[in-house]
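The chain contents come next:
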Amino acid sequence: MDAPDLPPWLELTTDPIADPTAGTVVVPGADARSRADLFGLLAQALDLPEWFGRNWDALADCLLDRDGGLALRVEDAEQLLADEPPAQFATLLQLCDDVWSHGRYSFRLVLRTTGERLPALHRRVAAATA
């Protein structure tokens, strides 16, 4: 389900993944409740280089330097960065916007949750992008 005010690179959904396409990386939100957890998951899932410094700037550099498009799908997205201050979720969304705007290849972030949690996820995204 997309809301009209979402950026073009962001999708909020309740739909299960049917068949991941090439370039789709699935991350469990329950395992990415902190920045450290998220950076560790992305380092492994995206096979990030050894120089990846496990911080927002380094992640942006790695995503901007990627060869090929990326669709990052977060399952149980309401748990993504849930143990961090809200500003960290906003930083992630700003980073995604920068990668979409300035990257050489396509980029998409899909946040998946359950139907009953979707309104709260919409509110969280709206607050982070305001």
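On a predicted model such as this, the values are computed, not experimentally measured, just so you know.

Student: Explain the pattern of salt bridges to me, using residue names and the numbers behind them.
Tutor: Within this structure, the stated rule accounts for 7 salt bridges. Among the ionic pairs, Glu84 bridges to Arg35, the shortest N-O distance being 3.2 Å. Of this pair, Glu84 sits in the loop between β3 (70-75) and α3 (86-102) while Arg35 sits in helix α1 (residues 35-45), and the two are 49 residues apart along the sequence. By relative accessible area, Glu84 is classed as buried at 16%. Between Arg104 and Asp67 there is a salt bridge, with its nearest N and O atoms 3.4 Å apart. Of this pair, Arg104 sits in the loop between α3 and β4 (107-112) while Asp67 sits in the loop between α2 (56-64) and β3, placing them 37 residues apart in sequence. Accessibility assignment for this pair places Arg104 and Asp67 in one class, exposed. Via salt bridges that share partners, Arg73, Glu75 and Arg112 belong to a single interconnected network.

Student: I'd love a proper account of the pairing of β3, names of residues and values included.
Tutor: Burial runs high along β3: 5 of the 6 residues are buried. The sheet contact formed by β3 and β4 spans 5 bridges and is parallel. Opposite Val74, over in β4, you have Leu111 as the bridge partner. Remark: the β3/α3/β4 crossover connection has right-handed handedness.

Student: Tell me about the side chain of Ser34, and please be specific about residues and values.
Tutor: Mapping Ser34 onto the fold places it in the loop between β2 (24-28) and α1. At a separation of 3.1 Å, a polar atom in the side chain of Ser34 contacts the main-chain amide nitrogen of Asp37. Not counting the four nearest positions on each side in its chain, Ser34 is found in contact with Leu81 and Glu84.

Definitions and cut-offs
Residues numbered from 1 in each chain as written. Predicted model: local features only at pLDDT ≥ 70, side-chain atom pairs only at ≥ 80, totals over all residues. Heavy atoms only, no water. Salt bridge = Lys/Arg side-chain N within 4 Å of Asp/Glu carboxyl O. Helix = DSSP H or I, 4+ residues; strand = E, 2+ residues; numbered from the N terminus. Buried < 20%, exposed > 50% of the residue type's maximum accessible area, 1.4 Å probe, protein only. Pairing = 2+ DSSP bridges. Right-handed = clockwise from strand over helix to strand, strands pointing away. Polar contact = N/O pair within 3.5 Å; in protein donor to acceptor, adjacent residues only side chain to side chain. Contact = heavy atoms within 4.5 Å.

From the geometry alone we can't say anything about function, so treat these as descriptive.
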